[in-house]
Amino acid sequence: MRHFPAFLDLRGRTVLLLGSGEVAARKAEPLRRAGAIIRQADSFAPAMLDGVVLAVGADAPDAELRALSEAAQARGIPVNVVDRPALCSFITPAIIDRAPVTVAVSTGGAAPVLARMIRQRIETLLPPAIGTLAALAERFQAAIRARLPDLAARRRFLDQALTGAPADLALAGRVEEAEAAFAAALDASDTTPPGIVYLVGAGPGAADLLTLRALRLMGEADVIVHDRLVTAEVLDMARRDAERILVGKAGAAHSLPQDGINALLVRLAREGRRVVRLKGGDPYVFGRGGDEILALREAGIAHEVVPGVTAALACAASAGIPLTHRDAARTVTFATGHLRDGRLDLDFAALARPRQTIAVYMGLASLPLLRDGLVGAGMDPATPAAIIENGGTDRARSLPGTIGTIAALAEGWASGAPALVLVGGAVALGAPPAAS
């Protein structure tokens, strides 16, 4: 993020506007709407900055604009010179004004036309009366705090009120009815709302592969309990002030044992928190989601599971490999390469059957055992195989081979990133890996 976004309160404060042409007039209009006192001039003198909190330059000679920029920045006064990014200490965004709701869109000066296009798209999504709804919530701020001193309870109430009947009435322009509905909802609100846990699949790592439901719940959560495989890109989609707790593992090193994770989820829910348990991939595919649901069920905690894009789907898509194909694979089997007591405890006879694709999670360390088990059960060593690292992200890469060769090939190729092994005739139909 190159520029830090901020909304300034300019009511009753002085802003210097240098210039008097059409562009200057356009700049003056939103400043006046914000309540600023505009000091306008055609030429610059340093004394003009006395008592000024903001300076804007437009429609003035170059020397005057440069002098304004240098003097303002020397005094620490934010300055913007239209279409001259080198002379600016701040930039002005494209604005959607639904007072008291204000949405600002910026491209950091790189493409102002694109910012306006984005603004226009957002305009179509926001109801015209969204400001009325915000003003309604503002009028009830003190009453909400008095009735619901607990932060989680306030959030829960506002989540419901701003999407329920009070909101519908406000957006329809029926303000008095909306106020009555809001007051009734507040009177009926529970000061200690029950907590809930959502087990949410974060997918393979790319934020745009999150489901819409996952995105909504992450925006409503009081706390995010996440694994190491959940990327920073995905975590950035969560509500900014949500507490974040890392409970993942790297290899055999757990930051919190599974029993501890279960107990943590129960405790947070009993505190009335809205918890998103964010798990890489899908919660029910080699993610211990079943263990966590059982613990929540036994404790009587409300819960919901939100599926995510699992690694097999993401890795196959990244490598252009069809998991099924009418000529090569009629079934898909998900297996884990995780060792148990030093053994790879798999039904190799079933896995070695033809016309299927095997997706092996956490299988890099046990590749030699996987090869020996499959070949020993009758699989042709020439059966196509591939390793896909970071599938479903812009860092995805793949290594093709056969079940007989892939273990040796991986020794000098694997980087330690999350990886999946695919085995079967359909693997040969994948796209060739990009040149490195």
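Residues numbered from 1 in each chain as written. Predicted model: local features only at pLDDT ≥ 70, side-chain atom pairs only at ≥ 80, totals over all residues. Heavy atoms only, no water.

K.L.:
Would you mind showing me how to read the UniProt feature "domain: Sirohaem synthase dimerisation" (unreviewed entry) in the protein here?
P.N.:
The sites that carry the UniProt feature "domain: Sirohaem synthase dimerisation" (unreviewed entry) are, in the present numbering, residues 130–186. For residues 130–186, the end-to-end C-alpha separation is 20 Å, with 82% helix and 0% strand making up the annotated structure. (UniProt positions renumbered as here; feature names shortened; annotations may be inferred. Helix = DSSP H or I, 4+ residues; strand = E, 2+ residues; numbered from the N terminus.)

K.L.:
Which parts of the structure should I look at to understand the domain arrangement of the protein?
P.N.:
Taken domain by domain, the protein consists of domain 1 (1–92), domain 2 (129–188), domain 3 (196–309) and domain 4 (313–429). Each of domain 1 and domain 4 was reduced to a C-alpha centroid, and the two centroids are 61 Å apart. (Domains from an automatic or database assignment.)

K.L.:
Looking at this structure, how should I read the UniProt feature "domain: Siroheme synthase central" (unreviewed entry) in the protein?
P.N.:
Here, UniProt's "domain: Siroheme synthase central" (unreviewed entry) annotation points to residues 100–123. What you have in residues 100–123 is 50% helix and 21% strand, and the ends, taken at the C-alpha atoms, are 15 Å apart.

K.L.:
How should I be thinking about helix α2 (residues 62–75) in this particular structure?
P.N.:
Because an α-helix packs 3.6 residues into every turn, residues spaced three or four apart end up facing the same way. The first and last C-alpha atoms of α2 sit 20 Å apart over 14 residues, in line with the 20 Å expected at 1.5 Å per residue. If you follow the buried residues of α2, they end up packed against β1 (14–18), β3 (52–57) and β4 (79–81). Remark: G76 follows α2 within two positions and exhibits a positive phi of approximately 75°. (Expected span 1.5 Å × (residues − 1). Contact = heavy atoms within 4.5 Å.)

K.L.:
Explain the sheet that holds strand β2 (residues 37–41) here, please?
P.N.:
The strands making up a sheet associate through backbone hydrogen bonding, with each pair oriented either parallel or antiparallel. Within the open sheet, the 4 strands sit side by side as β2-β1-β3-β4. Their pairing is parallel. Two strands in the sheet have a free side with no partner beyond their single neighbour: β2 and β4. Averaged over all pairs of adjacent strands, the angle between strand axes in this sheet comes to 20°, irrespective of strand direction. Sheet analysis places β1 next to β2, joined by 5 bridges and oriented parallel. Following the sheet pairing, L18 is matched in β2 by A41. Contacting β1, β2, β3 and β4, helix α1 (residues 22–33) crosses the sheet at an angle of about 160° to β2. (Pairing = 2+ DSSP bridges. Axes fitted to C-alpha atoms, helices over the stretch in contact; angles between N-to-C directions.)

K.L.:
Teacher, can you tell me more about the pattern of salt bridges here?
P.N.:
Opposite charge on two side chains permits them to pair, given that their charged atoms come into close proximity. Summed over the entire model, instances satisfying the criterion amount to 27 salt bridges. A salt bridge links E29 to R33, with the shortest nitrogen-to-oxygen separation between them at 2.4 Å. Note that E29 and R33 are positioned in helix α1 at a spacing of 4 residues, about one turn of the helix. On the basis of relative accessibility, which here comes to 40%, the residue E29 falls in the partly exposed class. When the shortest N-O distance is used, the salt bridge between R239 and D222 registers 3.6 Å. Of the two residues, R239 is situated in the loop between α10 (232–235) and β9 (243–246) and D222 in the loop between α9 (212–220) and β8 (223–226); the sequence distance between them amounts to 17 residues. A relative accessible area of 16% means that R239 is categorised as buried. One connected set of salt bridges, linked through shared partners, spans R155, D222, R239 and D241. (Salt bridge = Lys/Arg side-chain N within 4 Å of Asp/Glu carboxyl O. Buried < 20%, exposed > 50% of the residue type's maximum accessible area, 1.4 Å probe, protein only.)

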